[in-house]
Amino acid sequence: MKEGRIIRVSGPLVVAEGMKGSRMYDVVYVSDKKLMGEIIELKGEIASIQVYEETGGIGVGEPVYPTGAPLSVELGPGLIESIYDGVQRPLDKIREMAGDFITRGIHIPGLDREKKWKFSPKVKEGEAVEPGDILGVVQETVLVEHRILVPPGIKGKVVDISEGEYTVEDVVCRIDTGAGVEEIKMLQKWPVRIPRPYVKKLAPEIPMFTGQRIIDTFFPVSKGGTACIPGPFGSGKTVTQHQLAKWSDAEIIVYIGCGERGNEMTDVLIEFPELVDPKSGEPLMKRTVLIANTSNMPVAAREASVYTGITIAEYFRDMGYSVALMADSTSRWAEAMREISGRLEEMPGEEGYPAYLGSRVASFYERAGRVVCLGKEQREGSLSVIGAVSPPGGDLSDPVVQATLRVVKVFWSLEARLAYARHFPAINWLTSYSLYTDNVKDYMLTNVAEDFYDIQGQAMKLLEQEAELEEIVRLVGLEALSMKDQLVLLVARMIREDFLHQNAFHEVDTYTSIKKQYIMLKNIIHFYEESLHAIEKGAGVSELSGLPVLERIARMKFVPEDRMDEIESIRDEITKEISSLQGVNV
Amino acid sequence: MKVEYRTVNDIAGPLMLVEEVEAVKYGELVEIILPDGSKRNGQVLEVHHDRALIQVFEGTQGIDIPETKVVFRGKGIELSLSPDILGRVFNGLGEPIDGGPEIIPVVKRDINGAPINPYAREYPNEFIQTGISAIDGLNPLVRGQKLPFFSGSGLPHNRLAAQVARQAKVLGKEEKFAVVFGAMGITFEEANFFMEDFRRTGALERVVMFLNLANDPAIERIATPRTALTAAEYLAFDLEMHVLVILTDMTNYCEALREISAARKEVPGRRGYPGYLYTDLATIYERAGRIKGKKGSITLIPVLTMPEDDKTHPIPDLTGYITEGQIIFSRSLHRKKVSPPIDVLPSLSRLKDKGIGKGKTREDHADLYNQLYAAYARGKEAEELSVILGEAALSDMDKLYLEFSRKFEERYITQGEYEDRSIEDTLNLGWELLSMFPRTELKRIREEYLNKYYEKFKKGER
Ligand SMILES: Nc1ncnc2c1ncn2[C@@H]1O[C@H](COP(=O)(O)OP(=O)(O)OP(=O)(O)O)[C@@H](O)[C@H]1O
Ligand SMILES: [Mg+2]
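Residues numbered from 1 in each chain as written. Chains lettered and ligands numbered in written order. Predicted model: local features only at pLDDT ≥ 70, side-chain atom pairs only at ≥ 80, totals over all residues. Heavy atoms only, no water.

1. Observations regarding the overall build of chain B
For step 1, the next point in the chain: Of regular secondary structure, chain B possesses 13 helices and 21 strands.
For step 2, the next point in the chain: Taking 2.2 N^0.38 as the reference for a compact globule, 462 residues should give roughly 23 Å; the C-alpha atoms of chain B span a radius of gyration of 25 Å, in line with that estimate.
For step 3, the next point in the chain: C-alpha extents for chain B along the principal axes are approximately 85 × 50 × 40 Å.
For step 4, the next point in the chain: Looking at chain B residue by residue over its 462 residues, the buried ones come to 61%.
For step 5, the next point in the chain: Here chain B has roughly 17200 Å² of accessible surface; of this, 49% comes from carbon and sulfur atoms.
For step 6, the next point in the chain: Across chain B, the 62 positively charged side chains and the 70 negatively charged ones have centroids separated by 5 Å. (Helix = DSSP H or I, 4+ residues; strand = E, 2+ residues; numbered from the N terminus. Rg over C-alpha atoms; globule rule 2.2 N^0.38 Å. Buried < 20%, exposed > 50% of the residue type's maximum accessible area, 1.4 Å probe, protein only. Areas by Shrake-Rupley, 256 points an atom, 1.4 Å probe, with all protein chains shown as cover. Lys, Arg positive; Asp, Glu negative; His and termini not counted. Charge placed at Lys NZ, Arg CZ, Asp CG, Glu CD.)

Structure representation (structure tokens):
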């Protein structure tokens, strides 16, 4: 392939001529500084290149070196616990090499070439294998068994394979495909813009529990599902995403900081090694991959970062894991697209975004799903994708929000008004929705409680009633309400403050198991029902609201998981206190 | 010898097109020599074949096509740095304007800087006591944070910024500190107010000023925050100082950026601001922070006036999306003579959680501000309701909340320009106000702290 010559430099966009033989999405190196870039438009021999590094000091006439290979990620042991930039360069290694600031032209591969991993074969010589079959495993971290799969497109008989300590570039297995012998290394590459193959998609019937009460109880996301969390600045997108990354019952987490703050990534780097997974008791970092292309890092690499992240996530899905990917924020990705598109002088669509915004967003979320993986085993894997969206002024008519809502099944609507009152998570309970509620119903009824939806439905009804009653109060005052309506207001407040409100920074409150969520809400509904009877028998709301048990209800969230009976016992207390109210004859 | 080009072809607004150039680099510094011999600075915005598009910092007035000479300097815009910059005043491009000598550089740095590797960052967690309750108690600032002031024209944001600069300290520490002050398009009077304040408190020799005033060339404003932050990085990470950077007014900066964008006929984003405004602002704001293994820090307070007091205007909006919180000024509080007129509900400090608590401020700090927020929010709701229905229509509890929110504005938020409250005082004041509620209302506070503080202040009140 021929070396090209730069004819134009405009910010992250470089145009080169003489690029005969190049293909779309091929990686190139720009100038003798060897800045990494990707071809995003080809017109004859003229290629437009988005450059993943700062282009200051680059000029017309400098060379462009094609590589002939598309932008790809390196897949293999060593991914977990890594922190990469948008094009999978390890940020820790970059720091070792270049210091505290990111300089240009640094080339470090995504996976360590020196490190040796203990490989244990799972197939024998002579065995027939097909794509997706597990050749062997590496215990990558205490939490993750890294399964080395037969790469897509390779089928045949195992010639030789043996246990041992290998680097990712050593050959661990040879496969006779009939047309020759393929050498299999632990290191595999995959082009980021092409989804990895699977056998078929399955219905998203299993909930992914997140430990966040408003999510799990009211607006659940399922394993393999998609969700979005739009909201104005400071409303809690990042905190929610961090909470999901910490407490979701997924086996692998891929967290993409896409065009957001540097300190938020530092926060994850400090916290995750210290926090332990409630299920395994091991540090959360042991199942996490981080991609950090912060807002001040080159904008083209930001565009690539979501693809880098989702390809890594698919790779673990293919091993049969439940994977959850968080992208904070997809708006910054869309803006990167817009910036490049503007420089290409493409015809702008809404708000200057390129016309293909919607299709790019859709095909990104389409890579989520619960699937049957390749391989004889028929393993099941899942990839859930949760994207934050940052619309200007919090305005949901924003093109990125709209494009996202067209494809995702869960909408957690963050609201400034709630955030200002420090009601966290500031997810609006009336406008949010989950289309998975029906899918996960059977699972919830079998595994949580038979009356789960009765309780949950009643709570939601109370919240809806509250909204209507508040309108009335605003017009005519509280006095005008009946006792029963006043009770609705009291209990709805309890649901909001004692159940929905959840402080991410409180050591206990930060995570609530679904079991505990159910018991908490059941207590509140029990209080409502008992109070309703009491009112029918003449009790007043002011008496009910003065009951000492209310304080115990308010503090349920702070009771640790291992003292669940303490929360359970509140129910009897409620019955007792209400029935002992004066004027109530039982 | 550098080539002098006399091939200026097109001049439009702040932009100039030079043709038949060779080996020009993107981002390069350009020297423009006018027919009268005077010099201006420019920067290459785009190169295309043999044409270079240049933005001229001092404006294009007086530049002509046949006579003007252009020299490409082969490097980006650099700032000369040495410890001698302390106490000095520069223009927006970093040239001395105080009549003092040129800086003999120890190092020269490109004003665009380079992104801090996220892996190299140290999480900011050292509480800065500003002595202002609305900040310390509710929206604490920590070293290395970027916390902007969202204000409106005519509101006392500069006074508050000066008060922070005057009073800010990290408890129990005496360390090298400096203030870097970047002015963009503010009046001489405003800049002078800061200068006088620094002089009076004897801080002037620890201050570096970069001034681009209202009557200075507008396009130079694009460079000003970058030169200021380049100086700050040098002081913080080379000389190990704790640097407070005040940039005022970012709105003027953004307007200069819009002017360039319009002149380039780019597809405008919202309200005519370029689509890359977010990224551009991020390359400024993200230069604040701390770095592992380095003693110094950069704490950044950008000040901006919200056009029409509108928080959803792209300038405050995109700023809020990048910075680690915001302090919002309210015109209605200002009218009510609440001073400083900080609207605490939409204000926020995102880094507070790791900067406060036991051993930093006090164990009860987090629960306390959560409760104060919740109570004030409810009080404000009650106030709204009472405006429509009259106070009599409120429940007894709501009346109490209403009373709380009034006292809170009067006693907690309001304080003097020279009143320096200790964090202890601020926290106690919070308890004092909360003690008007029955204990069961204080749901956001842990039992142990209620036991320890609530009872004490409840009694104290009687
Ligand atoms: N669940 C929560 N519990 C406690 N505090 C919260 C919670 N969610 C959000 N907050 C508070 O709100 C602040 C802002 O939240 P966050 O940083 O997640 O906002 P964001 O929506 O990501 O904003 P931006 O778009 O600017 O990044 C946090 O710093 C924290 O103080
Ligand atoms: Mg965020």
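2. Remarks on the packing of aromatic side chains
For step 1, the next point in the chain: Throughout the structure, instances matching the rule amount to 28 aromatic pairs over all chains.
For step 2, the next point in the chain: Between the aromatic rings of Phe218(A) and Phe219(A), the centroid separation amounts to 6.2 Å while the plane-to-plane angle is 45°, which identifies the pairing as tilted.
For step 3, the next point in the chain: Under the relative-accessibility criterion, Phe219(A) is labelled buried at 6%.
For step 4, the next point in the chain: Joined through ring pairs, the aromatic side chains of Tyr376(B), Tyr401(B), Phe404(B), Phe408(B), Tyr412(B) and Phe437(B) make up one cluster.
For step 5, the next point in the chain: Residue placement shows Arg147(A) over the ring face of Tyr321(A); its charged tip is 4.3 Å from the ring centre. (Phe/Tyr/Trp six-rings, centres within 6.5 Å; stacked < 30°, edge-to-face > 60°. Lys NZ or Arg CZ within 6 Å of the ring centre and 35° of its normal.)

3. As for the domain arrangement of chain B
Residues and elements named next belong to chain B.
For step 1, the next point in the chain: Domains assigned within chain B are domain 1 (4-72), domain 2 (78-354) and domain 3 (366-458).
For step 2, the next point in the chain: When each unit is reduced to the centre of its C-alpha atoms, the spacing between domain 1 and domain 2 is 30 Å.
For step 3, the next point in the chain: Contacts between the two partners involve twelve residues from domain 1 and, on the opposite side, twelve residues from domain 2.
For step 4, the next point in the chain: Surface buried jointly by domain 1 and domain 2 totals about 950 Å² across both partners, of which 65% is contributed by carbon and sulfur atoms.
For step 5, the next point in the chain: Applying the counting criterion to the domain 1 and domain 2 interface returns one salt bridge. (Domains from an automatic or database assignment. Contact = heavy atoms within 4.5 Å. Buried area = accessible area lost by both parts, 1.4 Å probe. Salt bridge = Lys/Arg side-chain N within 4 Å of Asp/Glu carboxyl O.)

4. A few points about unusual backbone geometry
For step 1, the next point in the chain: Cis peptide bonds are those with omega within 30 degrees of zero, and the linkage from Thr248(B) to Asp249(B) qualifies with 10°.
For step 2, the next point in the chain: For Asp249(B), the position within the fold is in the loop between strand S17 (242-248) and helix H5 (250-263).
For step 3, the next point in the chain: That bond from Ser339(B) to Pro340(B) is cis: its omega, 0°, falls within 30 degrees of zero.
For step 4, the next point in the chain: With phi around 65°, Tyr25(A) is a residue other than glycine that occupies positive phi space.
For step 5, the next point in the chain: Counting through the fold element by element, Tyr25(A) comes out in the loop between strand S2 (13-17) and strand S3 (26-30).
For step 6, the next point in the chain: The backbone of Lys337(B) shows a phi angle near 65°, a positive value even though the residue is not glycine.
For step 7, the next point in the chain: Residue position: Lys337(B) is located in the loop between helix H8 (331-335) and strand S21 (348-349).
For step 8, the next point in the chain: The exposure class of Lys337(B) is exposed, given its relative accessible area of 69%.

5. A closer look at the pairing of strand S15 (residues 171-176) of chain A
Each regular strand displays side chains that alternate between the two surfaces of the sheet.
Residue and element names in this part refer to chain A.
For step 1, the next point in the chain: With four bridges joining them, strand S13 (residues 156-161) and S15 adopt antiparallel strand pairing. By the bridge assignment for S15, Ile161 is matched with Cys173.
For step 2, the next point in the chain: Of the pairings in the sheet, the one linking S15 to strand S16 (residues 181-185) comprises five bridges and is antiparallel in character. Looking at S16, one finds that Val171 is bridged to Lys185.
For step 3, the next point in the chain: Hairpin remark: S15 followed by S16, antiparallel, with four residues in the connecting loop; positive phi at Gly178, about 90°. (Pairing = 2+ DSSP bridges.)

6. Concerning helix H4 (residues 262-271) of chain A
For step 1, the next point in the chain: The buried fraction of H4(A) amounts to nine of the ten residues, a majority that puts the element mostly inside the structure.
For step 2, the next point in the chain: Residues of H4(A) that are buried include every one of Gly262(A), Asn263(A), Glu264(A), Met265(A), Thr266(A), Asp267(A), Val268(A), Leu269(A) and Glu271(A), and no others.

7. Thoughts on the site of ligand 1
For step 1, the next point in the chain: Residues in close proximity to ligand 1 total 21 residues, the closest being Lys237(A), Thr238(A), Val239(A), Arg261(A) and Lys352(B).
For step 2, the next point in the chain: Ligand 1 sits at a junction of chains, with neighbouring residues supplied by chains A and B.
For step 3, the next point in the chain: One of the backbone nitrogen or oxygen atoms of Lys237(A) is found 2.7 Å away from an oxygen atom of ligand 1.
For step 4, the next point in the chain: One of the backbone N or O atoms of Gln502(A) is found 3.4 Å from a nitrogen atom in ligand 1.
For step 5, the next point in the chain: A total of 630 Å² of accessible area belongs to ligand 1 in isolation, and the protein chains cover 95% of it.
For step 6, the next point in the chain: With three residues, helix H3 (residues 237-247) of chain A is the largest single contributor of residues to the shell around ligand 1.
For step 7, the next point in the chain: Partitioning the shell around ligand 1 into residue classes produces eight nonpolar, seven polar and six charged. (Near = heavy atom within 4 Å. Polar contact = N/O pair within 3.5 Å; in protein donor to acceptor, adjacent residues only side chain to side chain. Nonpolar A, V, L, I, M, F, W, Y, C, P; charged D, E, K, R; others polar.)

8. Brief notes about the interface of chain A and chain B
For step 1, the next point in the chain: With 77 residues of chain A in contact, the opposing surface of chain B contributes 74 residues.
For step 2, the next point in the chain: For the pair chain A and chain B, the summed buried surface comes to about 6400 Å²; carbon and sulfur atoms form 54% of the total.
For step 3, the next point in the chain: On inspection of chain A and its partner chain B, the count reaches nine salt bridges.
For step 4, the next point in the chain: Taking the shortest distance from any N to any O, the salt bridge between Lys443(B) and Glu497(A) comes out at 3.5 Å.
For step 5, the next point in the chain: Where chain A touches chain B, the interface holds 35 residue pairs in polar contact (both at pLDDT 80 or more).
For step 6, the next point in the chain: Mapped onto the side of chain A that touches chain B, the elements with two or more residues apiece are strand S1 (4-10), helix H1 (91-98), H4, helix H5 (299-318), helix H6 (330-343), helix H11 (452-476), helix H12 (483-500) and helix H15 (549-554) of chain A.
For step 7, the next point in the chain: Take the side of chain A that touches chain B: its biggest share by element is eight residues, from H4(A).
For step 8, the next point in the chain: Two strands pair when backbone bridges link them, and S1(A) and strand S5 (residues 39-48) of chain B are joined in this way by two bridges, in the antiparallel orientation. Bridging from a neighbouring strand, Val9(A) pairs with Val47(B) of S5(B).

9. Brief notes about the sheet that holds strand S12 (residues 145-149) of chain A
Residues and elements named next belong to chain A.
For step 1, the next point in the chain: Pairing in this open sheet of four strands is antiparallel, and the strands run S12-S11-S9-S14 from one edge to the other. With one partner strand each, in any of the chains shown, S12 and strand S14 (164-166) form the two edges of the open sheet. Strand-to-strand, the axes of this sheet are offset by a mean angle of 35°, without reference to chain direction.
For step 2, the next point in the chain: The pairing of strand S9 (residues 117-121) with strand S11 (residues 134-139) spans three bridges and is antiparallel. Bridge assignment links Ser120 to a residue of S11, and that residue is Val137. (Axes fitted to C-alpha atoms, helices over the stretch in contact; angles between N-to-C directions.)

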